[in-house]
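Structural features, examined
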Amino acid sequence: MKYKKDPIIIGIESSCDDSAVSIIRSRKILSNVIIGQNIHKKYGGIVPELAARLHDKNLLKAIDKSIKLANIKKYQIDAVSFTIGPGLIGSLLIGCSLAKSLAIGLNIPIITVDHIQAHTLIHFIENGNINNSYPNFPFLSLVISGGHTLIIKVDDYLHMKVLGSTLDNPIGEVFDKIARKFGFSYPGGVFIEKYSKYGNFKKFKFPKPLVKGLNFSFSGLKSYIFRFIDEKLIKDPNFLKKNLFDLCASIQNIIIDILIEKIHKAVIKTKINRITLSGGVSSNERVKKVFLFQAKKNNWNLFIPNNLYTNDNGAMIAITGMIKYHKKQFNSLNVTPYSKFKYFIN
Ligand code: KG4
Ligand code: ZN
């Protein structure tokens with residue numbers, strides 16, 4: 001294999017429902033294609049088997065399209081990076097097999113990428129964040145997505161340690177489940193944000209979960225909100241309709257409060273005040289606004305991803321692949337995906 005200084009890397013992401021493929025040259029995006037799966041909307045959440053079947057159909061299309069958009073020939077690609085985990089095992093297996101086939105066909109190496117590490121490293125893409133700068137090490141990464149709620153200490157590109165995680169539901173899933181109760185389709189976080197804009201976030205007070213250290217817990221809060229709404233509905237069947245905006249705003253507010261409180265703790269504990277956000281929930285405008293406010297107040301150096309790269313995408317896989325390429329961290333074709341996340345990512 002011939003090592004290049006500015007290789008072209010393809011990134012393939014298939015850990016959940018998005019078939020996402022991106023091609024980059026060094027840190028620059030040449031193409032970024034995402035084919036979503038609308039079928040899950042009617043189920044209010046991802047159905048794993050359907051997700052895998054649709055990846056089988058969509059990933060090849062996404063690869064073809066990304067090569068066309070990048071305006072390259074496929075033999076110009078220098079390495080294939082892909083998500084090896086964590087995620088839905090069926091979906092990961094489809095991406096893994098396809099990546100291996102592509103690598104064999106083009107006679108180039110494969111590079112496995114951890115999905116969480118990739119969300120964190122999105123800030124190293126050119127224009128990956130709204131700051132237009134790369135964070136210096138060490139920094140704290142807050143990953144808030146449908147599958148994860150994590151505070152990670154990032155000492156170097158590939159040296160990360162999870163300081164805190166959710167003990168039960170991930171934050172995005174909480175948004176999705178509450179939204180489903182309100183009758184919204186998946187992904188619910190978008191609807192909660194939309195209706196929050198018209199609501200009073202001080203109208204309803206919900207109890208903050210008491211969790212030690214830097215871990216999170218959302219299941220108690222979620223159950224409390226469900227019970228609260230059910231009890232109100234018994235007295236007034238129109239309760240939801242009448243209070244939808246205020247409920248959305250109050251729920252969004254308590255969830256953001258929990259995040260801010262934990263990050264405060266993490267900054268004090270680690271004495272690191274550089275913070276990056278990533279994951280689907282970091283596209284929420286209110287999340288960004290409150291974090292920016294707190295950053296100014298507390299002298300944090302806050303990095304917010306460009307909206308193109310908050311949700312699952314191939315660019316984050318490609319940039320992590322690029323970093324590993326330069327460290328010559330290639331993999332054998334024997335690798336196999338893992339579904340559970342790892343506390344130490346090296
Ligand atoms: O990062 P992502 O695309 O997938 C995972 O790795 O899980 O995140 C998807 C999650 C969904 O739960 C969705 O409801 C949430 O991100 N989300 C939002 C918003 N946009 C997406 N949550 C709150 N506000 C939003 N604007
Ligand atoms: Zn993700």
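Attention in this report is confined to the structure presented alongside it. (Residues numbered from 1 in each chain as written. Chains lettered and ligands numbered in written order. Predicted model: local features only at pLDDT ≥ 70, side-chain atom pairs only at ≥ 80, totals over all residues. Heavy atoms only, no water.)

It is worth spelling out the side chain of glutamine 37 at this point. By secondary structure assignment, the location of glutamine 37 is in the loop between β3 (28-35) and α1 (48-70). Glutamine 37 sits in the buried class, given a relative accessible area of 6%. Polar contacts involving the side chain of glutamine 37 include one to the main-chain carbonyl oxygen of aspartate 17, which spans 3.1 Å. Polar side-chain contacts of glutamine 37 include one of 2.7 Å to the side chain of histidine 40. In this structure, glutamine 37 is in contact with Asp17, Ser19, Leu50, Ala51, Leu54, His55 and Asn58, ignoring residues within four places of it in sequence. (Helix = DSSP H or I, 4+ residues; strand = E, 2+ residues; numbered from the N terminus. Buried < 20%, exposed > 50% of the residue type's maximum accessible area, 1.4 Å probe, protein only. Polar contact = N/O pair within 3.5 Å; in protein donor to acceptor, adjacent residues only side chain to side chain. Contact = heavy atoms within 4.5 Å.)

Moving on, we get to the layout of surface pockets. Reported here for the largest pocket is a volume of approximately 1300 Å³. Cys16, Ser145, Gly146, Gly147 and Tyr186 are, among the 47 residues lining the largest pocket, the residues nearest its centre. Counting only elements with at least two residues in the lining of the largest pocket, the list comes to α3 (115-121), β7 (149-156), α4 (171-181) and α5 (189-196). For the lining of the largest pocket, the leading source of residues is α4, giving 6 residues. Its residues assigned to classes, the lining of the largest pocket comprises 14 nonpolar, 23 polar and 10 charged. (1 Å grid on protein atoms, 1.4 Å probe; cavity = no way out; pocket = protein on both sides within 12 Å on 5 of 7 lines; lining within 4 Å. Points joined across faces, edges and corners; volume = space filled by probe spheres on them. Nonpolar A, V, L, I, M, F, W, Y, C, P; charged D, E, K, R; others polar.)

Spatial strand order, β3-β2-β1-β4-β5: 5 strands in an open sheet with mixed pairing. Because the sheet does not close on itself, it has two edges, and the strands there are β3 and β5 (110-114). When the angles between neighbouring strand axes are averaged without regard to direction, this sheet yields 20°. In this structure, strand β4 (residues 79-85) lies alongside β5, joined through 5 bridges in parallel fashion. By the bridge assignment, glycine 85 is partnered in β5 with aspartate 114. Along the sheet face, helix α2 (residues 89-106) touches β1 (8-13), β4 and β5 and points at about 160° away from the line of β4. (Pairing = 2+ DSSP bridges. Axes fitted to C-alpha atoms, helices over the stretch in contact; angles between N-to-C directions.)

With that settled, consider the nonpolar core. For soluble globular proteins, the rule of thumb is that nonpolar side chains tend to be buried together. In terms of nonpolar packing, the biggest core is built from 48 residues, with Leu142, Phe182, Phe206, Leu247, Ile255 and Phe291 touching the most fellow members. Those residues in contact with phenylalanine 182 that sit more than four places away from it in its chain are Ile192, Ile229, Leu240, Leu244, Leu247, Cys248 and Ile251. If you look at the next biggest cluster of nonpolar residues, it comprises 29 residues, including Val113, Val154, Tyr157 and Val162. (Core = buried A, V, L, I, M, F, W, Y, C linked by side-chain atoms within 4.5 Å.)

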